[in-house]
Amino acid sequence: MDYRKTAEEIYKKVGGKENLISAAHCATRLRLVIADNDKCDSKAVEEIDGVKGVFFASGQLQIIIGTGTVNKVYDEFITVSGLTAATKDEVKQAAVAQQNIFKRAIKTLGDIFVPIIPAIVASGFLMGIMESLNFMVSNGFITLDTSSSVFVFAKLFSNVAYTFLPILIAYSAAKAFGGNPYLGAVIGMLMIHPDLQNAWTVATEGVQVRQSVWFGLYKIDLIGYQGHVIPVIIAVFVMCFIEKRLHKIVPEMFDLFVTPLVSVFVTGYLTYSIVGPVFVAIENGIINGIQWLIALPFGVGSFVMGALYAPTVVAGVHHMYTIIDIGQLAKFGVTYWLPLASAANLGQGAACLAVALKAKNTRTKSMALPSALSAFMGITEPAIFGVNLRFFKPFICGCIGGACGALVASITALGASGTGVTGLFGILLCLNMPVQYLVMMAVAIGVSFALTWMFGYKEEVEEPEIPTSTDSESVAQVAAPAKEAEPVVYAPVKGNVIARTDIPDETFASGILGDGVGIEPEVGEVVAPFDGTVVSIVDSKHAIALEGPVGIQLLIHVGIDTVNMEGKGFEVFVKDGDKVVAGQKLSQFDIQKIKKAGYSTTTAVLVANSDEYPNFKIEKQGKTKTMEKIIMV
């Protein structure tokens with residue numbers, strides 16, 4: 001590969017220097033921030049020698065080149081373009097600045113809600129279980145001591161995340177907006193202060209206290225913001241705006257006490273007197289509008305939303321739906337939106353399952369089956385990006401099935417007691433209406449599977465190549481290749497082996513960088529998976545490329561997006577060009593530091609040239625020790 005030529009061609013096709021803002025690279029991708037996407041010919045870039053794929057994500061043009069090659073292309077690209085090498089954080093900031101306000105808002109919502117989803121899920125699950133137990137005890141189905149400590153404590157635990165939700169949101173929002181998260185938490189506390197009337201009691205008791213504000217200009221209701229989302233986010237945005245500007249103008253010797261005091265007091269007064277009342281009204285209007293849509297006669301609105309849900313996952317805007325779930329839980333006691341999301345996810349899973357069962361190609365089967373199971377658990381990205389969109393018709397069939405399931409959910413008024421979990425396990429949030437949930441599942445899965453089986457997938461049979469040479473020795477070699485030592489990849493990391501399609505990164509999951517597996521590590525140590533040579537180690541130390549028996553080109557990529565850690569928590573014990581033996585320690589990494597930084601530790605083990613091996617086979621999934629056989633080529 002001519003790295004200079006590749007860099008020059010990329011430079012021309014993306015629009016030249018006037019269309020480039022910044023450039024960086026990770027272990028596998030060249031990451032460019034483009035001024036005008038319309039001036040970039042991404043299809044032409046994809047045809048350039050050495051480019052394995054191109055896509056826009058997070059405001060960046062990401063050009064997949066591969067480990068060991070991307071850094072060389074990047075060096076040439078910097079020389080050709082005249083740009084200054086940028087850090088990953090600088091590129092991310094430049095990318096965000098280039099996005100339109102809608103995309104920036106959606107990204108911000110994702111940054112706020114994704115970190116707190118585990119807390120919401122835990123409470124939602126427990127609430128569903130407690131409600132089902134209460135129902136069964138009240139109707140005499142089971143006998144249970146509801147005064148026992150286990151039951152009483154579990155009931156207390158079940159709603160704690162929802163009771164103090166404004167604090168969780170405020171803390172997370174302050175981090176997303178670049179403010180002090182602890183001051184953000186204080187704003188959340190102000191909004192559910194015990195001296196305010198609890199919002200849950202207003203419906204039965206009415207407004208108890210009103211307060212005159214702005215020197216008697218008008219009065220506001222002194223009500224807490226339990227169950228509200230948008231007012232909390234806006235309030236914290238205001239606080240962060242004030243805090244950051246005060247940091248710039250307040251002398252350093254006074255900054256420590258002046259900035260927090262003024263930020264909290266001013267934000268608190270504005271929140272109680274203006275922000276809260278205004279955005280509660282706006283939030284209620286949004287929730288009522290959505291409820292009106294999904295409650296249209298004959299389930300028409302739900303049918304449409306069920307069909308559109310999966311495309312919004314593709315667009316990456318689905319994180320905003322958490323606001324709808326939480327708002328509906330606060331207003332109605334259940335969320336009618338979550339069953340629609342479940343139907344859509346189950347539909348994509350069923351379409352993917354149909355592909356898995358109908359496909360004769362071993363690689364398609366091995367990719368589709370685990371992706372389908374993942375979608376049934378509520379994680380649809382591997383199924384959508386790795387299978388359904390690739391063949392396209394299964395994606396459409398999945399959307400239709402999801403729409404039909406959502407239609408049933410609407411007609412039966414199916415509501416969930418919590419949020420955060422969809423798919424098969426979503427029934428735990430609908431134990432008050434289990435039959436309706438099962439019917440919704442059956443319809444979504446049945447319609448998607450049937451449509452995909454009949455119309456959505458037809459495998460193209462490749463004609464085998466017949467050697468044209470009449471040379472008898474050549475023909476004999478095609479018929480009976482020479483035997484070689486067993487070409488095996490052993491586990492380089494101890495942990496839980498998962499399917500490639502379950503790796504939480506669409507580039508790895510889709511197979512663009514080769515087939516293989518993911519490993520959820522139990523020990524932060526990487527060893528050589530065979531006797532071979534170190535081809536490349538990225539500067540941030542999180543990824544190593546090796547060459548092994550029969551030309552195996554292997555990428556070991558520790559964690560997802562760990563390039564952003566810039567080597568912190570990683571240590572490497574080999575260098576480029578070193579010969580290594582199976583079991584030799586290559587690197588170590590700090591699992592807790594990676595998790596604390598907010599990244600997945602899932603380690604991708606991918607054979608970059610897997611398509612060269614017709615007998616490529618995954619040998620193991622589940623728990624594994626280092627040096628157990630996981631891949632055979």
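Structural data are supplied above this passage.
Treat the numbers as computed from the prediction; the structure is a model and nothing was measured.

Caption draft 1: Seen up close, the packing of aromatic side chains. Inspection of the entire model under this criterion finds 10 aromatic pairs. Where Trp214 meets Tyr269, the ring centres are 5.1 Å apart and the plane angle is 90°; that geometry is what we call edge-to-face. In this pair, Trp214 sits in the loop between strand S5 (210-213) and strand S6 (218-221) while Tyr269 sits in helix H13 (residues 252-294), placing the two residues 55 residues apart along the sequence. Given a relative accessible area of 34%, Tyr269 falls into the partly exposed group. The ring of Trp453 carries Lys358 above its face, with NZ or CZ at 5.8 Å from the centroid.

Caption draft 2: Structural view of the sheet that holds strand S8 (residues 495-499). Taken in spatial order, the 8 strands of this open sheet run S15-S11-S12-S13-S17-S9-S8-S19, and their pairing is antiparallel. Of all strands in the sheet, those bounded by a partner on one side alone are strand S15 (579-580) and strand S19 (622-624). Here 5 bridges tie strand S12 (residues 543-547) to strand S13 (residues 553-557), and the two strands are oriented antiparallel to one another. Note on S13: the bridge partner recorded for Glu547 is Gln553.

Caption draft 3: The nonpolar core, seen in detail. Grouped together as the largest cluster of nonpolar side chains are 45 residues, with contacts concentrated most on Tyr309, Trp337, Leu414 and Met440. Breaking this core down by element, the ones donating at least two residues are H13, helix H14 (300-315), helix H15 (321-332), helix H16 (337-358), helix H17 (362-376), helix H18 (381-391), helix H19 (393-411) and helix H20 (434-456). Considering every element that reaches this core, the biggest residue donor is H16, with 12 residues. With residues near it in sequence (within four places) discarded, Met440 still touches Pro339, Ser342, Ala343, Leu346, Gly405, Val408, Ala409 and Leu414. By size, the runner-up hydrophobic cluster in this structure holds 32 residues, among which are Ile519, Val534, Leu586 and Val607.

Caption draft 4: Summary view of the sheet that holds strand S14 (residues 570-572). If you walk across this open sheet you meet the 3 strands as S10-S16-S14, and the pairing is antiparallel. Single-partner strands in this sheet number two, and they are strand S10 (525-527) and S14. Mean inter-strand twist for the sheet, computed between neighbouring axes without regard to direction, equals 15°. When S14 meets strand S16 (residues 585-589), the two strands line up antiparallel, connected through 3 bridges. Within S16, the position partnered with Val572 by the bridge is Ser587.

Caption draft 5: Local environment of the pairing of strand S4 (residues 60-64). With respect to burial, S4 is a largely interior element, 5 of its 5 residues being buried. The two faces of S4 match: Gln60, Gln62 and Ile64 on one face and Leu61 and Ile63 on the other face are all buried.

Reading the values: rules and limits
Residues numbered from 1 in each chain as written. Predicted model: local features only at pLDDT ≥ 70, side-chain atom pairs only at ≥ 80, totals over all residues. Heavy atoms only, no water. Phe/Tyr/Trp six-rings, centres within 6.5 Å; stacked < 30°, edge-to-face > 60°. Helix = DSSP H or I, 4+ residues; strand = E, 2+ residues; numbered from the N terminus. Buried < 20%, exposed > 50% of the residue type's maximum accessible area, 1.4 Å probe, protein only. Lys NZ or Arg CZ within 6 Å of the ring centre and 35° of its normal. Pairing = 2+ DSSP bridges. Core = buried A, V, L, I, M, F, W, Y, C linked by side-chain atoms within 4.5 Å. Contact = heavy atoms within 4.5 Å. Axes fitted to C-alpha atoms, helices over the stretch in contact; angles between N-to-C directions.

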